[in-house]
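A look at the structure
Okay, here's what each chain looks like letter by letter:
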Amino acid sequence: MSIQILESLSRVLMLNRQEIVHLYALAQHVPPSYYPSPEKVKPMHQHVLDNLMESPAMIVDNRWNVIAWNRAAALVFCDFSQLECSKRNLMRVMFTDKHFAGLFPDWEISAQTMLGKFRADCSQYIEDPWITQFVHELRSISKEFDQWWPMHRIDKDRDMYKLLHHRLVGQLNFEITSFLISENTNLKMYVNTPKNGTDTRQKLKQLLEADVAVSEPVLVHP
């Protein structure tokens, strides 16, 4: 059985690390140093995201691909449903999407910090050919990424605060927390909780209400 088939089986069956190692052992192959993540999350995880109505939240894999998000995240950060699956990557949008980058008043500092966290995560999957190809592509389309990647900056992923400037409602203040998905530690959920003492929650309500009003069908009476 080929490596490609084993990778596909691991992804389709949503195997965890131990199960992937066992599968490769059965096939008499050396297990990879990285573990493919599923392209979709379980319905129960999407349900959790959807119920965090006033907290933009998303689930990313170990390559920083966004694989699930809630409506608040789409309204604040990016409507990932409008992007091709291969483009739904936080590093990619940070360095190539002007709307996403425009959310950060101190973009250069934020982008370099994000790059440092991405590099720290990448170091665990050094043999992943996807990482090599992704970095090469991003260096070719972003002069900032190309300039900063060789600096080898490393940052830890820790709880923090985030200040954004949304084009419709202005300043938003969040507390950022992250949680590993217990069934698959290749997946992580990020939750942006409105910071107490600010008007961020009220502004998110405005965005959500306005979005509902726009999306409601217009009834035409005979």
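Here is a short report on the structure shown in this document. This is a predicted model, so every value here is computed, not measured.

Things to note about the overall build of the chain
- The helix and strand tally for the chain stands at ten helices and five strands.
- Within the span of the chain, comprising 222 residues, buried residues form 45% of the whole.
- Taking all contacts inside the chain whose residues are at least 6 apart in sequence as the whole, residues at least 24 apart take part in 54%.
- Counting only carbon and sulfur atoms, one obtains 56% of the accessible surface of the chain, whose full area is about 12,900 Å².

Overview of the pattern of salt bridges
- For the coordinates displayed, the defined rule picks out six salt bridges.
- We note a salt bridge from aspartate 211 to arginine 71, for which the minimum N-O separation is 2.9 Å. With aspartate 211 in helix α10 (residues 200-215) and arginine 71 in helix α4 (residues 71-76), this pair connects stretches of sequence that are 140 residues apart.
- The class of arginine 71 is partly exposed, set by a relative accessible area of 37%.
- The partner of arginine 139 in a salt bridge is aspartate 146, with the nearest N and O atoms 2.7 Å apart.
- Overall, arginine 139 belongs to the partly exposed group, its relative accessible area being 31%.
- Aspartate 146 gets classed as partly exposed once you look at its relative accessible area, which sits at 31%.

Examining the environment of histidine 165
- Relative to the helices and strands, histidine 165 resides in strand β3 (residues 160-166).
- Sequence spacing of histidine 165 and phenylalanine 104 is 61 residues, and the spatial spacing of their C-alpha atoms is 6.3 Å.
- Setting aside anything within four residues of it in sequence, one finds histidine 165 in contact with Gly102, Leu103, Pro105, Gly170 and Gln171.

Things to note about the side chain of arginine 88
- Mapping arginine 88 onto the fold places it in the loop between α4 and α5 (90-96).
- Lacking a salt bridge, the buried arginine 88 has aspartate 79 as its closest oppositely charged neighbour, with an N-O distance of 7.7 Å.
- Not counting residues up to four positions away in its chain, the partners in contact with arginine 88 are Trp64, Asn65, Val66, Trp69, Phe80, Ser81 and Leu83.

Focus: the sheet that holds strand β4 (residues 170-181)
- The antiparallel open sheet is built from five strands, whose spatial order is β2-β1-β5-β4-β3. In this open sheet, the two strands that pair with only one neighbour each are β2 (66-69) and β3. Strand-to-strand twist of the sheet, defined as the mean angle between neighbouring strand axes without regard to direction, takes the value 30°.
- Bridge count between β4 and strand β5 (residues 184-194): eight bridges; the pairing is antiparallel. Bridge assignment links isoleucine 176 to a residue of β5, and that residue is asparagine 192.

Calculation rules
- Residues numbered from 1 in each chain as written.
- Predicted model: local features only at pLDDT ≥ 70, side-chain atom pairs only at ≥ 80, totals over all residues.
- Heavy atoms only, no water.
- Helix = DSSP H or I, 4+ residues; strand = E, 2+ residues; numbered from the N terminus.
- Buried < 20%, exposed > 50% of the residue type's maximum accessible area, 1.4 Å probe, protein only.
- Contact = heavy atoms within 4.5 Å.
- Areas by Shrake-Rupley, 256 points an atom, 1.4 Å probe, with all protein chains shown as cover.
- Salt bridge = Lys/Arg side-chain N within 4 Å of Asp/Glu carboxyl O.
- Lys, Arg positive; Asp, Glu negative; His and termini not counted.
- Pairing = 2+ DSSP bridges.
- Axes fitted to C-alpha atoms, helices over the stretch in contact; angles between N-to-C directions.

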